[in-house]
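Read off the chains here:
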Amino acid sequence: MTEDQIQKITQSLANATFRSLNIDGLVHAAKFYCIHEAHQKYNELDDKTRLNLLSEIEEQEKAAQEPAGKTKKKASKKKAQPA
């Protein structure tokens, strides 16, 4: 087959797939694309940034596991200004 024939077949298959997509297919395609982008961004990060992100994620997971009403509130460092 020539390159032009391969291109025609590929375009035809892509168009058939595109026409058959429903909302679930679009969501799946978007998720696949987001995962691909995340892998690329991860590869661009330096080790220090990766460790900082991991630390933030682990803190969020820990906070999410705490029962409601049991989260610690950070004290504000600002002092009240007199009126």
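Attention in this report is confined to the structure presented alongside it. (Residues numbered from 1 in each chain as written. Predicted model: local features only at pLDDT ≥ 70, side-chain atom pairs only at ≥ 80, totals over all residues. Heavy atoms only, no water.)

**Some details on the overall build of the protein**
Turning to step 1, where the next piece is worked out: Scanning the protein for helices and strands turns up three helices and zero strands.
Turning to step 2, where the next piece is worked out: Helices and strands in the protein line up, N terminus first, as α-α-α.
Turning to step 3, where the next piece is worked out: Counting across all 83 residues of the protein, residues that qualify as buried make up 1%.
Turning to step 4, where the next piece is worked out: Accessible area of the protein: about 8,600 Å², with a carbon and sulfur share of 57%. (Helix = DSSP H or I, 4+ residues; strand = E, 2+ residues; numbered from the N terminus. Buried < 20%, exposed > 50% of the residue type's maximum accessible area, 1.4 Å probe, protein only. Areas by Shrake-Rupley, 256 points an atom, 1.4 Å probe, with all protein chains shown as cover.)

**Points about a nonpolar patch on the surface**
Turning to step 1, where the next piece is worked out: The grouping of Phe18, Leu21, Ile23, Leu26 and Val27 at the surface amounts to a nonpolar patch, some 510 Å² of accessible area in total.
Turning to step 2, where the next piece is worked out: Broken down by element, the residue count for the nonpolar patch peaks at three residues, all from helix H2 (residues 23-44).
Turning to step 3, where the next piece is worked out: Structurally, the position occupied by Leu26 is in helix H2.
Turning to step 4, where the next piece is worked out: Assessed through its relative accessible area of 44%, Leu26 is described here as partly exposed. (Patch = residues over 30% accessible without salt bridge, like charges linked within 9 Å, V, L, I, M, F, W, Y side chains within 5 Å. Salt bridge = Lys/Arg side-chain N within 4 Å of Asp/Glu carboxyl O.)

**Focus: the packing of aromatic side chains**
Turning to step 1, where the next piece is worked out: Under the definition given, this model contains zero aromatic pairs.
Turning to step 2, where the next piece is worked out: One cation-aromatic arrangement involves Arg50 over Tyr42; the distance from NZ or CZ to the ring centre is 3.9 Å. (Phe/Tyr/Trp six-rings, centres within 6.5 Å; stacked < 30°, edge-to-face > 60°. Lys NZ or Arg CZ within 6 Å of the ring centre and 35° of its normal.)

**Quick word on a negative patch on the surface**
Turning to step 1, where the next piece is worked out: Among the surface-exposed residues, Glu56, Glu58, Glu59 and Glu61 lie close enough to one another that they form a single negatively charged patch.
Turning to step 2, where the next piece is worked out: Along the chain, Glu61 falls in helix H3 (residues 47-65).
Turning to step 3, where the next piece is worked out: For Glu61, a relative accessible area of 46% translates into the label partly exposed. (Lys, Arg positive; Asp, Glu negative; His and termini not counted. Charge placed at Lys NZ, Arg CZ, Asp CG, Glu CD.)

**Re the pattern of salt bridges**
Turning to step 1, where the next piece is worked out: Inspection of the entire model under this criterion finds two salt bridges.
Turning to step 2, where the next piece is worked out: Among the ionic pairs, Arg50 bridges to Asp47, the shortest N-O distance being 3.7 Å. One end of the pair, Arg50, and the other, Asp47, are both in helix H3, three residues apart, so they sit about a helical turn from each other.
Turning to step 3, where the next piece is worked out: Relative accessible area serves as the criterion here: at 55%, Asp47 is assigned to the exposed category.

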